Each structure stands twice: as C-alpha cells, then as structure tokens.
Amino acid sequence: MATKSSSATFGIHVRPLSAMRVEWKSAPSIRPVPAFSIESLQKNTYVMGPPKAQKHKHMIQPKATSFRMYYDRGDLPIKMEYLTGGDKIAWTVDIDKLDYGLYLPLFFDGLSETRHPYKTYARQGVQDLLTHGGDKIYPVIPQLIIPIKNALNTRNIEVMCVTLKIIQQLVMASDLVGPALVPFYRQLLPMFNAYKVKNINSGDAIDYGQKNNMNVGDLIDETLQVLERHGGEDAFINIKYMVPTYESCYLN
C-alpha cells in the first residue's frame, strides 16, 4: 500500500500596521484621602498627614515709620545724653511748648521700632510727653489709636509689653483720657484677647522677666483693670465684649 507524503504548509497572515493596536496598561494613580474616613479603606489611596503647624513669627515692619523718617532728617527736638547710669534723651526745646498734635502721635508711631536708637528715643520721648501733657493729651487721642494698634500687631513681646505700659501711663495722665478711649476698644483690645492667657509657666525655675515686668499676660490684666477703673461706667461692658474672659476688678 503506497503512502502519500503530506507536506504541512503554514500560512502567515500579515496585518497592516494601522490595524495593530497595542494596549498599554498604565499604573493606577494613587490619590490622597483624609484620615479616619471611608475613603481611606479604598484601593489606590494613601492617607494624608496632619497639616503643618504655622509658626508664630513676628511681623516685620514693611517700611520705616514716620518717626524714623523725622529722626533721620533731624526734625525732632531731641538729642542723646550719654550718662554713667545709661543713655537718656534730652529735649532741645521746652517740652511744654511743643505741639502735641504733631509730636505725640509721631513718638507713638515710634513704639513699633525695635532698633536702637529709634526705639530708645521713641519710648523715652512718649514717657516725657505723657508726664508733662496733662489735658493737652485729650484732643490727640484719635490720632494715637493707629500707632498703638500697629505696635500691638507686631506680636513682638518686648514691643507689646512696652506699649501696654505706655497705655497705662496714657490713661492715668489725665482724667479725660480713660473715657475717651472707650469708643476705640474694638481697635485696641483684639490683641489683648489673643495674648491674655500667654503667661510664662516656668515651673520650679526662676522667671527673670518678672523683675522688668515683661510678662505680657500679667501686663494685659493690669492694663484692662486700669482701663476699667478710669474708663467710666461703660468701660467694663465694652471690655467684656472684646475680652470675654475678663472679670471686673470691682467684683473681685
């Protein structure tokens, strides 16, 4: 029986290149989801971490104050006396003859300064003007609000403590000043409320800041009590509105 030899043939089918489609599987994108949520149990997700804490930085002065500009031009009637006990400013004119409408707001504007000699001139100048001002301070009160507010908004502890002491001296300089400040509590007291509880808890250590009375929390309490005592019958209710944690010094 004869056998036929069969040859196997293979056919190659060639498709055009345009017909060939290669499917690429891209990696699934991973998306962030909040913690403690149902989405955190899903696939292709990762839990976001806690937000970064914002550090409380001091506000840098964006530009020189008016006090610095006047000082650099030599328009201020003051000079420095270098004494053994420390530097002290001297007035080149009689302080009682000065125009308080011009110089008192100008020196208050210098309370925001943090560099010597500007801060030294401004702080001692304000104290001298308030000591000799008397009833001449009352008409200038509206012009002092913005400089005081700017000094408190620097969030610089030293500047804030000095400004709080100046506010106390301002209120006690004349009987007219305390009631005149009551309408401006909304501009002045927000920083009081923010820093009222900022006291130094030194534990068993020694708080050397008490010597110079530079504890901002204690100074705020003292200043609020001075404002209440010298601000008239409407002082407490306006202080309480802006600083809810304040308690009347008359009730205690």
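Because the structure is predicted, anything quoted here is derived from the model rather than measured.

As for the overall build of the chain
Each helix and strand in the chain was counted, giving 10 helices and 4 strands. Its helices and strands taken in sequence order, the chain reads β-β-α-β-β-α-α-α-α-α-α-α-α-α from the N to the C terminus. Of all intrachain contacts in the chain linking residues separated by at least 6 positions in sequence, the fraction that spans at least 24 positions is 64%. Approximately 17100 Å² of the chain is accessible, and the part contributed by carbon and sulfur atoms is 54%.

Overview of helix 4 (residues 141-153)
Given a rise of 1.5 Å per residue, 13 residues ought to cover 18 Å, and the 19 Å separating the end C-alpha atoms of helix 4 matches this to within 8%. Those residues of helix 4 that sit buried are I141, L144, I145, P147, I148, A151 and L152. If you follow the buried residues of helix 4, they end up packed against helix 2 (100-109), helix 5 (157-173), helix 6 (177-181), helix 7 (185-188) and helix 8 (190-195). The positive-phi residue at the C-terminal boundary of helix 4 is R155, with phi of around 60°.

A word on the pattern of salt bridges
When charged atoms on two side chains of opposite charge get close, those side chains can pair. Applying the stated criterion across every chain yields a total of 6 salt bridges. Notably, a salt bridge pairs E158 with R123, separated by 3.1 Å at the nearest N-O pair. In this pair, E158 is assigned in helix 5 and R123 in helix 3 (residues 118-133), connecting sequence segments 35 residues apart. By sharing partners, the salt bridges in this structure join K119, R123 and E158 into a single network.

Details of the packing of helix 2 against helix 3
The contact between helix 2 and helix 3 brings their axes to 8 Å, and the two run at 140°. Judged on the interaxial angle alone, helix 3 and helix 2 are oblique. In this structure, the crossing between helix 2 and helix 3 has a hand that is left-handed. Together, Y100, Y103, L104, F107 and F108 of helix 2 and Y121, A122, G125, V126, L129, L130, H132 and G133 of helix 3 make up the contact between the two elements.

Comments concerning a nonpolar patch on the surface
Side chains of I30, Y46 and M48 sit close together on the surface and give an oily, nonpolar patch of about 320 Å² of accessible area. As for its position among the elements, Y46 is in strand 2 (residues 45-47). Of the residues examined, Y46 reaches a relative accessible area of 43% and is grouped as partly exposed.

Quick notes on the packing of aromatic side chains
If you walk through the whole model with that rule in mind, you get 5 aromatic pairs. Judged by centre distance (5.4 Å) and plane angle (80°), the rings of Y71 and Y118 are edge-to-face. Of this pair, Y71 sits in helix 1 (residues 66-73) while Y118 sits in helix 3, and the two are 47 residues apart along the sequence. Classification of Y118 by relative accessible area gives buried; the value is 15%. Pairing F236 with Y246 gives two aromatic rings, centres 6.2 Å apart and planes at 50°, and the pair type is tilted. Of this pair, F236 sits in helix 10 (residues 235-242) while Y246 sits in the segment after helix 10; the two residues are 10 residues apart in sequence, bridging distant segments of the chain. Each member of the aromatic cluster is reached from another via a ring pair, and the members are F67, W91 and F107.

Things to note about helix 2
Extensive coverage of helix 2 is indicated by the burial of 8 of its 10 residues. Along helix 2, the residues that are buried comprise Y100, Y103, L104, P105, L106, F107, F108 and D109. The N-capping residue of helix 2, defined by a side-chain oxygen 3.2 Å from the backbone nitrogen of G101, is D99.

Here's the deal with the environment of F107
Among the structural elements, F107 can be located in helix 2. Overall, F107 belongs to the buried group, its relative accessible area being 0%. Here the alpha-carbon distance between F107 and Y121, two residues 14 residues apart in the chain, equals 8.2 Å. Discounting chain neighbours no more than four positions away, the residues touching F107 are F67, L76, I78, W91, Y121, A122, G125, V126 and L129.

About the thresholds
- Residues numbered from 1 in each chain as written.
- Predicted model: local features only at pLDDT ≥ 70, side-chain atom pairs only at ≥ 80, totals over all residues.
- Heavy atoms only, no water.
- Helix = DSSP H or I, 4+ residues; strand = E, 2+ residues; numbered from the N terminus.
- Contact = heavy atoms within 4.5 Å.
- Areas by Shrake-Rupley, 256 points an atom, 1.4 Å probe, with all protein chains shown as cover.
- Expected span 1.5 Å × (residues − 1).
- Buried < 20%, exposed > 50% of the residue type's maximum accessible area, 1.4 Å probe, protein only.
- Salt bridge = Lys/Arg side-chain N within 4 Å of Asp/Glu carboxyl O.
- Axes fitted to C-alpha atoms, helices over the stretch in contact; angles between N-to-C directions.
- Parallel < 35°, antiparallel > 145°, perpendicular 65-115°, else oblique.
- Left-handed = near helix turned anticlockwise from the far one by under 90°.
- Patch = residues over 30% accessible without salt bridge, like charges linked within 9 Å, V, L, I, M, F, W, Y side chains within 5 Å.
- Phe/Tyr/Trp six-rings, centres within 6.5 Å; stacked < 30°, edge-to-face > 60°.
- Polar contact = N/O pair within 3.5 Å; in protein donor to acceptor, adjacent residues only side chain to side chain.

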